[in-house]
Amino acid sequence: MENMDMSDEGKTNPKSKQMSIGRKKFNMDPKKGIEYLIEHDLLKETPEDVAQYLFKGEGLNKTAIGDYLGDFKDFHKDVLKEFVNLHEFSSMILVQALRQFLWSFRLPGEAQKIDRMMECFASRYCQMNEGVFNSTDTCYVLSFAIIMLNTSLHNPNVKDKPSVERFRNMNRGINDGADLPQDLLHNIYESIKKEPFKIPEDDGNDLMHTFFNPDKEGWLWKQGSSKLSGRYKNWKRRWFILNDNCLYYFEFTTDKEPKGIIPLESLQVHEVSDKNKPHCLELYAGSNEVIKACKTDNDGRVVEGKHKEYRMSAATEKEKDEWIDCIKASISEHPFYDMLSIRRKKATKANK
């Protein structure tokens, strides 16, 4: 299989073949892909070399790049800094810099990862455009205001579209207590209104606006059921994305269509024990009702699910707890807003 899409050069050049294998491994599992390339002397084990490889992005899935950059380990954090420093933001208005940055990878879903990435972006932008903002907190908060404006103006589910005046008001005092220039905010608003952010093509189709900046994403084992008896039996590894009060699951991270969709409205989540799998969580409805979900069958048809509960298994206790917390937060409100609120308070506090 790995030889099918190789060029003639790749068939005769071992390094080209190994590079192609490395790309495929990276797109399926970013850490293993980088490890493979380092082991075969195709990459140096330095943040600078890995960042260059991700920045060029030749044949790499943008979701996988974001997943690697968002890892909490120190080496990955160093790669992230080098990756951001490869971007040239000099003399760019903030909205154009954001367009360039968000095109180079896809933001992961976890709040702490987003915070780390956007902190690096804000620092780099301010470093290359001294005097535009009084602090990196200002740049950080305005960047998220732009991302939220993009969603509000171009998501068809948002009926109450913000005006330029509302956009100005929501960003009052964020420049260390002072207001940003009105023409700057006006130009940002008009830029987003005329041209929404583009989602990298390899990350999907019309559905992908749903998965931009999800609440959480990652691998879980999902318990299936027998078609004949309806009794639960096998477990399958699925890529889950939590966003917009729904839980989507895919066979692979590169799939453009979900295998199933579970609306979270009126559902609850709790920890459960299972004799076959560790670190389990379960979605369930009240009064033993069937959950209103859907999935695609083997023929590609969309069919209604018949689960009264959905049971998933995480790799670790920590991941299980994170999923439970994020699902609970998604049912009520977006979990990132608390973190953004703290940063906004910092940005609006005038220097003494």
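Side note on the overall build of the chain
In terms of regular secondary structure, the chain is built from 14 helices and nine strands. A separation threshold of at least 6 residues defines the contact pool for the chain, and within that pool the share at least 24 residues apart is 61%. Total accessible area computed for the chain in this model is approximately 18600 Å², and 48% of it derives from carbon and sulfur atoms.

Things to note about the pattern of salt bridges
Here the idea is simple: oppositely charged side chains can pair when their charged atoms come close. Considering all chains together, one arrives at eleven salt bridges under this definition. Arg168 is the partner of Glu165 in a salt bridge, and the nearest nitrogen-oxygen pair spans 3.3 Å. Taken together, the residues span about one helical turn, with Glu165 and Arg168 both in helix α10 (residues 164-170) at a distance of three residues. In this structure, Glu317 and Lys320 form a salt bridge, with 2.7 Å as the shortest nitrogen-oxygen distance. Of this pair, Glu317 and Lys320 are both found in helix α13 (residues 317-332), three residues apart, which corresponds to roughly one turn of the helix. Given the relative accessible area of 1%, Lys320 is considered buried. What emerges from the salt-bridge pattern is a single network uniting Glu271, Glu317, Lys320 and Asp321.

With respect to the packing of helix α7 (residues 94-103) against helix α8 (residues 111-128)
Interhelical geometry of α7 versus α8 gives an angle of 130 degrees and a closest axis separation of 12 Å. In terms of axis orientation, α7 runs oblique to α8. Once α7 is placed against α8, the crossing between them reads as right-handed. Side by side, α7 and α8 meet where Leu94, Ala97, Leu98 and Phe101 of the first sit next to Met117, Met118, Phe121 and Tyr125 of the second. When the residues that make up the contact of α7 with α8 are grouped by side-chain class, the tally is eight nonpolar, no polar and no charged.

Notes on the confidence of the model for the chain
Summary statistics for the chain give a mean pLDDT of 83 and a share of 84% for residues scoring 70 or more. Within the model, the stretch residues 1-11 combines pLDDT values under 50 with twelve contacts to residues more than four positions away or in other chains. Here residues 202-210 scores under 50 on pLDDT; set against residues more than four positions off or in separate chains, the count is 20 contacts.

Structural notes on the packing of aromatic side chains
Under the definition given, this model contains 15 aromatic pairs. Here Phe240 and Trp323 contribute two aromatic rings whose centre-to-centre distance is 6.5 Å and whose plane-to-plane angle is 75 degrees, an arrangement assigned as edge-to-face. Of this pair, Phe240 sits in strand β2 (residues 232-243) while Trp323 sits in helix α13; the two residues are 83 residues apart in sequence, bridging distant segments of the chain. Assessed through its relative accessible area of 0%, Phe240 is described here as buried. A connected cluster of aromatic rings, assembled from ring pairs, spans Phe55, Phe83, Phe89, Phe101, Phe105, Phe121, Tyr125 and Phe133. The ring centre of Trp323 lies 5.2 Å from the NZ or CZ of Lys216, which sits over that ring. The residue whose ring lies beneath Arg237 is Trp219, and the NZ or CZ to ring-centre distance is 4.0 Å.

Some points on α8
Compared with an ideal rise of 1.5 Å per residue, which puts 18 residues at 26 Å, α8 spans 26 Å between its outermost C-alpha atoms and is within 8% of the ideal. Across the 18 residues of α8, 13 count as buried, placing the element largely inside the fold.

With respect to the nonpolar core
In terms of nonpolar packing, the biggest core is built from 60 residues, with Ile34, Leu54, Leu69, Met118, Leu142, Ile146 and Phe167 touching the most fellow members. Considering every element that reaches this core, the biggest residue donor is helix α9 (residues 136-154), with ten residues. Ignoring sequence-local partners within four residues, the contact set of Ile146 consists of Leu94, Val95, Leu98, Phe167, Ile188, Ile192 and Phe197. Counting residues in each nonpolar core, the second largest holds 21 residues, with Leu267, Val269, Met312 and Ile324 among its members.

Cut-off values and rules
Residues numbered from 1 in each chain as written. Predicted model: local features only at pLDDT ≥ 70, side-chain atom pairs only at ≥ 80, totals over all residues. Heavy atoms only, no water. Helix = DSSP H or I, 4+ residues; strand = E, 2+ residues; numbered from the N terminus. Contact = heavy atoms within 4.5 Å. Areas by Shrake-Rupley, 256 points an atom, 1.4 Å probe, with all protein chains shown as cover. Salt bridge = Lys/Arg side-chain N within 4 Å of Asp/Glu carboxyl O. Buried < 20%, exposed > 50% of the residue type's maximum accessible area, 1.4 Å probe, protein only. Axes fitted to C-alpha atoms, helices over the stretch in contact; angles between N-to-C directions. Parallel < 35°, antiparallel > 145°, perpendicular 65-115°, else oblique. Left-handed = near helix turned anticlockwise from the far one by under 90°. Nonpolar A, V, L, I, M, F, W, Y, C, P; charged D, E, K, R; others polar. pLDDT = per-residue confidence, 0-100. Phe/Tyr/Trp six-rings, centres within 6.5 Å; stacked < 30°, edge-to-face > 60°. Lys NZ or Arg CZ within 6 Å of the ring centre and 35° of its normal. Expected span 1.5 Å × (residues − 1). Core = buried A, V, L, I, M, F, W, Y, C linked by side-chain atoms within 4.5 Å.

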